[in-house]
Amino acid sequence: MNFVAGFRDPELAGGLISRIRSMSKTPVRLMEFCGGHTVTVFKYGLRQVLPGTVEMVSGPGCPVCVTANADLDKVIYLAGIPGVIIATFGDLIRVPGSRSSLQKAQAEGADIRIVYSTTDALKIAAGNPARPVVFLGIGFETTAPTIAASIREAEDRKIKNYSVLSLHKLSPPVIRAILASGEVKLHGLICPGHVSTIIGSHPWEFIARDYNIPCVISGFEPVDILQCVDMLVAQVEKDESKVEIAYRRGVRAEGNQVALKLMDQVFEPCPAYWRGMGEIAGSGLKLRKAYERFDAECIFDIKPGPVYEPAGCICGDVLRGVKTPLDCRLFRIQCTPESPVGPCMVSSEGTCSAYYLYGEDNIGE
Amino acid sequence: MCLAIPVLIKSIDGKEAEVEMGGITRQVSLFLTPEARVGDYALVHTGYTINILEEKEARETLRLLGEIAALDERQD
Amino acid sequence: MESRILLAHGSGGALAQELVAGSFIKAFNNPILAKMDDSAVINLGYNGRLAFTTDSYVVNPIFFRNGDIGKLAVCGTVNDLAMSGARPQYLSLAVIIEEGFPRSNLDRIVDSIRLAAEEAEVEIVTGDTKVVQRGSADKLFINTAGLGIVPENISISGGNARPGDRVILSGTIGDHGIAILSEREGISFSTGLESDCAPLGGLVADMLTASSNIHCLRDPTRGGLATILNEIARQSGVSIIINEEAVPVREEVLAACEMLGFDPLYIANEGKLVAIVAPEDADKTLGAMRENKYGDKAAIIGEVRAEHPGRVAMKTVLGTTRIVNMLAGDPLPRIC
């Protein structure tokens, strides 16, 4: 069974596009929360084929982009501690903090290793028992369970030099904050697919119930997104608001209970600072006291110095969906992937990066 | 960052599995899906399976979408 | 006890002489090199222009499926010359070796260079050997320079693309980069995929026989196909549009890219070329390429247009269009 090809099929896409076009009468603004969804929308030029009544806006679902400079500075401070090995997903390497980036720290001698999995980070720790290995824990609910698993495994295997700097964030609280602010009027939410694989569909119900906004959980292929838009438009036209799962092959209503239990065992919610949005209660994860020997915040005395924000960078506004990269005076001029000012241009899922790499809307033929 | 790809589980050794996708094989951890069996399809994210893919749901979705596409063609 | 390269092997004395004679001269065996003069004096006796290129090779790992740093050095240099329409003829070879490098590995690489040079019909006519302290270099670095002659009637350059020209790709993209990635430590997947490292002088010669209207030739190494097309579009002041479905990519490369978050358009190739050809000659050039073993999967993937100069776009499988920008950042360091 090929789980991908069918969901990129031009005929299936065509059928959905026609139906959306004939069904959509009411102008709607739909937010795609997840950076992965933004990339698909741009990579396949989906905005070109949707009717003018459907407006797509990107949200804060890029874990690298929403990490505040204060947290990035902590990361760079850790990298500068002699003897420390930093293990990280590649996404963080070029993101600029107040003064530096991991890439620059590496050029100055920091030992930074790009890994594709926490299992690789554990291997590095096991292979270098005399040196502390700190894994940079970024990501939403899709990724947090894998970090929790690595901590449990370090515990089982008695690996004493492995620790995690938890910068993990939770999705429903930030959506609630955006909706509560009333800054951008949304008529539908394209809910993140793989976050929902873990948390299920129930955590999104408050959106439909308290804000009367339709929610559909979508997969990541172009046909998935079109199906999701089709279902959202259908709800809007029928004046409904409920949570539906379009991504039925990948998401169950109850989510992944094993992963959720593991997350709860290792982490607890805490306030977290989101770029452009300030502090949001209960939106971050920190290691529980029982696991503090794996917590880089407890092991190291992290003193990163004062925080600077780059002048003119509107990443925060872009993340909240109130501006697009085209509104930014630095976009393409001073801020490019080679010399990024803000993280939205660096991250492979950043909105600014997507606009830059794949072109503006409606480039047409 | 939410990249997760569908793979086929070829063999299992304790909490680890060898999985295959498009001719590429890889070792992943089954820590988050202890119910996984050889022959299952799973979603893999950063070296861990996060879900067993529902094959029949996938087929059903494709079938439904196929009907929509067929309807569209008939109306052309 | 394994024989290893010592600092003394680079110092110019007896040990160095023995290394050069025993490893390099013996392998490459041509009259110019055998003279062992400080510089190679070559009677080019040509009508045309001299094509001259230089490259350094720092690929990691140095041995990979279907190649090594030596083969890569020859093919990379030969291909740079061929992309100007030149017949590659002579190469220089300078190596910087880390102290402690196993002699057997050096000999294996030298043999690889010999075989690649033979296939490419080039001679290694001059060289240099340096040895640096352990830790000052990573195993082995190679630098080459290459000479070739470009016949009078050939004018091939990145700035020559014209609206209406067709874009032809000689085969599957992404093979080399993904093959290298799979061999590196820390990347834990295994695949039967090999590097596509190959000398393309013969392929280019076949193409030039078939058509005198080849406007550009480029090999998509670092930065991949997307980067090369962007460079041509900028140099020529044209736009290029390609068809996603027409671009040949192996299933394993697609799968690896999905897994690791890469895009095959940006992955390095070491045995492929892109040709921009006048439309009336596109089919016969394609035919000639397909007859050559390094072009059997060649395909016309797009065309050159006048509007939006400098832009590269791609028609997706869904029929929509999106921009294909240059590579940003460096997803795969030390790929060649």
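Rules used in this analysis
- Residues numbered from 1 in each chain as written.
- Chains lettered and ligands numbered in written order.
- Predicted model: local features only at pLDDT ≥ 70, side-chain atom pairs only at ≥ 80, totals over all residues.
- Helix = DSSP H or I, 4+ residues; strand = E, 2+ residues; numbered from the N terminus.
- Rg over C-alpha atoms; globule rule 2.2 N^0.38 Å.
- Buried ≥ 20, exposed ≤ 12 C-beta atoms within 10 Å, placed from the backbone.
- Contact = placed C-beta atoms within 7 Å.
- Nonpolar A, V, L, I, M, F, W, Y, C, P; charged D, E, K, R; others polar.
- pLDDT = per-residue confidence, 0-100.
- Domains from an automatic or database assignment.
- Arc of directions from axis to C-beta.
- Pairing = 2+ DSSP bridges.
- Axes fitted to C-alpha atoms, helices over the stretch in contact; angles between N-to-C directions.
- Core = buried A, V, L, I, M, F, W, Y, C linked by C-beta atoms within 7 Å.
- Parallel < 35°, antiparallel > 145°, perpendicular 65-115°, else oblique.
- Left-handed = near helix turned anticlockwise from the far one by under 90°.

A.B. asks: So what exactly am I meant to see when it comes to the overall build of chain C here?
C.D. replies: For chain C, the helix and strand inventory stands at 9 helices and 14 strands. Over its C-alpha atoms chain C spans a radius of gyration of 21 Å, differing by no more than 12% from the 20 Å that the globule rule assigns to 336 residues. Dimensions of chain C, computed from C-alpha atoms along their principal axes, come out at roughly 65 × 50 × 30 Å. Split into buried and exposed, the 336 residues of chain C put 52% on the buried side. For chain C, restricting intrachain contacts to residue pairs at least 6 apart in sequence, the fraction spanning at least 24 positions comes to 85%.

A.B. asks: Got a minute to help me understand the interface of chain A and chain B in this structure?
C.D. replies: Often, the extent of an interface is quoted as the loss of accessible area upon association of its parts. In this complex, chain A contributes 41 residues to the contact, which on the side of chain B involves 31 residues. Those elements giving two or more residues to the side of chain A that touches chain B turn out to be α1 (10-23), α2 (35-43), α6 (118-127), α7 (144-156), α9 (193-199), α11 (222-237) and α12 (257-266) of chain A. In terms of residues, the side of chain A that touches chain B owes the most to one element, α1 of chain A, which gives 7 residues. Residues belonging to the side of chain A that touches chain B are distributed by class as follows: 17 nonpolar, 18 polar and 6 charged.

A.B. asks: In this structure, what is going on with the confidence of the model for chain C? I would like to understand it.
C.D. replies: Regions with low pLDDT should not have their predicted coordinates read in detail. Across chain C, the average pLDDT comes to 92, with 96% of residues at 70 or higher. The ipTM assigned to the predicted complex is 0.94, against a pTM of 0.90.

A.B. asks: Is there a simple way to think about the environment of L330 of chain A in this case?
C.D. replies: Residue and element names in this part refer to chain A. Looking at the element boundaries, L330 is found in the loop between α14 (315-319) and α15 (343-346). With 17 residues separating them along the chain, L330 and C313 place their C-alpha atoms 7.0 Å apart. Dropping the residues within four chain positions of it, L330 is found in contact with G312, C313, C335 and V341.

A.B. asks: I would appreciate a short explanation of helix α4 (residues 69-79) of chain A in the present structure.
C.D. replies: Because each turn of an α-helix spans 3.6 residues, side chains separated by three or four positions end up pointing in the same direction. Most of α4 of chain A sits inside the fold, with 9 of its 11 residues counted as buried. If you check which residues of α4 of chain A are buried, you get N69, D71, L72, D73, K74, V75, I76, L78 and A79 of chain A.

A.B. asks: Is there a simple way to think about the domain arrangement of chain C in this case?
C.D. replies: Residue and element names in this part refer to chain C. Examined at the domain level, chain C breaks down into domain 1 (7-151) and domain 2 (166-323). Between the C-alpha centres of domain 1 and domain 2 there is a distance of 27 Å. Elements represented by at least two residues in the side of domain 1 that touches domain 2 include exactly α3 (69-82), β4 (87-98) and α4 (103-120). With 8 residues, α3 is the largest single contributor of residues to the side of domain 1 that touches domain 2. Residues of the side of domain 1 that touches domain 2, tallied by class, amount to 12 nonpolar, 5 polar and 5 charged.

A.B. asks: Would you mind going over helix α8 (residues 171-181) of chain A with me for this structure?
C.D. replies: Residue and element names in this part refer to chain A. Regarding α8, the residues found buried are S171, V174, I175 and I178. The arc that holds every buried residue of α8, seen down its axis, measures 100°, which confines them to one face. Residues of α8 that are buried make contact with β1 (28-34), β2 (54-61), α9, α10 (205-211), β10 (267-274) and β11 (278-287). At the C-terminal side of α8, G182 shows a positive phi close to 65°.

A.B. asks: Got a minute to help me understand unusual backbone geometry in this structure?
C.D. replies: The general pattern is negative phi for most residues beyond glycine and trans for most peptide bonds. Of the consecutive residues N60 of chain C and P61 of chain C, the connecting peptide bond is found in the cis state with omega at 10°. Considering the arrangement of structural elements, one finds P61 of chain C in the loop between β1 (48-57) and β2 (63-64). Positive phi outside glycine occurs at T46 of chain B, with the angle close to 40°. Residues other than glycine seldom take positive phi values, yet N66 of chain C does so here, at roughly 70°. Its location among the elements puts N66 of chain C in the loop between β2 and β3 (67-68).

A.B. asks: Sorry if this is basic, but what is going on with the interface of chain C and chain A here?
C.D. replies: Contacts between chain C and chain A engage 15 residues on the former and 25 residues on the latter. Counting residues per element, the side of chain C that touches chain A draws most heavily on strand β14 (residues 321-323) of chain C, at 3 residues. When the residues that make up the side of chain C that touches chain A are grouped by side-chain class, the tally is 6 nonpolar, 8 polar and 1 charged.

A.B. asks: Please explain the pairing of β2 of chain A as it appears in this structure.
C.D. replies: Within a regular strand, the side chains alternate between the two sheet faces. All names here are of chain A. With 6 of 8 residues buried, β2 lies mostly within the body of the structure. In this sheet, β2 lies alongside β1 in parallel orientation, the contact comprising 6 bridges. Across the sheet, R29 pairs through a bridge with E55, a residue of β2.

A.B. asks: Can you walk me through the sheet that holds β1 of chain A in this structure?
C.D. replies: Sheets are built from strands paired through backbone hydrogen bonds, the pairs being either parallel or antiparallel. All names here are of chain A. Within the open sheet, the 5 strands sit side by side as β2-β1-β7-β8-β9. Their pairing is parallel. Both edges of this open sheet fall to β2 and β9 (243-245), since each of them pairs with a single strand only. Taken over all neighbouring pairs, the strand axes of this sheet differ in orientation by 20° on average, direction set aside. Bridge analysis of strand β7 (residues 188-191) against strand β8 (residues 215-217) gives 3 bridges, and the strand direction is parallel. Note on β8: the bridge partner recorded for C191 is I217. Strands in contact with α2 are β1, β2 and β7; relative to β1, the strand with the most contacts, it is inclined by about 120°.

A.B. asks: When you look at the nonpolar core in this model, what are you seeing that I'm missing?
C.D. replies: One broad rule of soluble globular proteins: the nonpolar side chains tend to lie buried together. Core analysis: the biggest nonpolar cluster contains 252 residues, and I86 and V229 of chain A together with L229, I240 and A275 of chain C have the highest contact counts within it. Among the elements that line this core, the one with the most residues is α11 of chain A, at 9 residues. Residues in contact with I240 of chain C, not counting those within four places in the same chain, are V167, L229, I232, A233, G302, V304 and V312 of chain C.

A.B. asks: So what exactly am I meant to see when it comes to the packing of α1 of chain A against α11 of chain A here?
C.D. replies: For any two helices packed against each other, the geometry comes down to the angle between their axes and how far apart the axes lie. All names here are of chain A. Axis separation between α1 and α11 bottoms out at 9 Å; the angle between their running directions is 20°. Relative to α11, the element α1 is oriented roughly parallel. Between α1 and α11 lies a crossing whose hand is left-handed. Residues L12, A13, L16, I17, R19, I20 and M23 of α1 form the contact with α11, whose participating residues are P222, V223, L226, Q227, V229, D230, V233, A234 and E237. Grouping the constituent residues of the contact of α1 with α11 by class yields 12 nonpolar, 1 polar and 3 charged.

A.B. asks: What should I look at first to understand the sheet that holds strand β5 (residues 133-137) of chain A in this one?
C.D. replies: Residues and elements named next belong to chain A. Spatially, the 4 strands line up as an open sheet ordered β4-β3-β5-β6, and their pairing is parallel. Because the sheet does not close on itself, it has two edges, and the strands there are β4 (111-114) and β6 (162-166). Adjacent strand axes in the sheet meet at a mean angle of 25° when their direction is disregarded. Bridging between β5 and β6 involves 5 bridges; their strand directions are parallel. Within β6, the position partnered with G137 by the bridge is S166. Each of β3 (85-88), β4, β5 and β6 is contacted by α4, which is oriented at about 155° to β6, the strand it contacts most.

A.B. asks: It is not clear to me how the packing of α7 of chain A against α12 of chain A should be interpreted in this structure. Could you clarify?
C.D. replies: Residues and elements named next belong to chain A. The contact between α7 and α12 brings their axes to 9 Å, and the two run at 60°. The element α7 and its partner α12 pack so that their crossing is left-handed. When α7 is examined against α12, the residues A144, P145, A148, A149, I151 and R152 are found in contact with a partner set consisting of A259, L262, M263 and V266. In terms of residue class, the contact of α7 with α12 is built from 9 nonpolar, no polar and 1 charged.

A.B. asks: Before we go on, may I ask you to explain the environment of T53 of chain A in this structure?
C.D. replies: All names here are of chain A. Within the fold, T53 resides in the loop between α3 (46-49) and β2. Under the C-beta neighbour-count criterion, T53 is labelled partly exposed, with 15 such atoms within 10 Å. Along the backbone, T53 and R252 are 199 residues apart, and their C-alpha atoms lie at a distance of 31 Å. In this structure, T53 is in contact with S24, K25, T26, P27 and V28, ignoring residues within four places of it in sequence.

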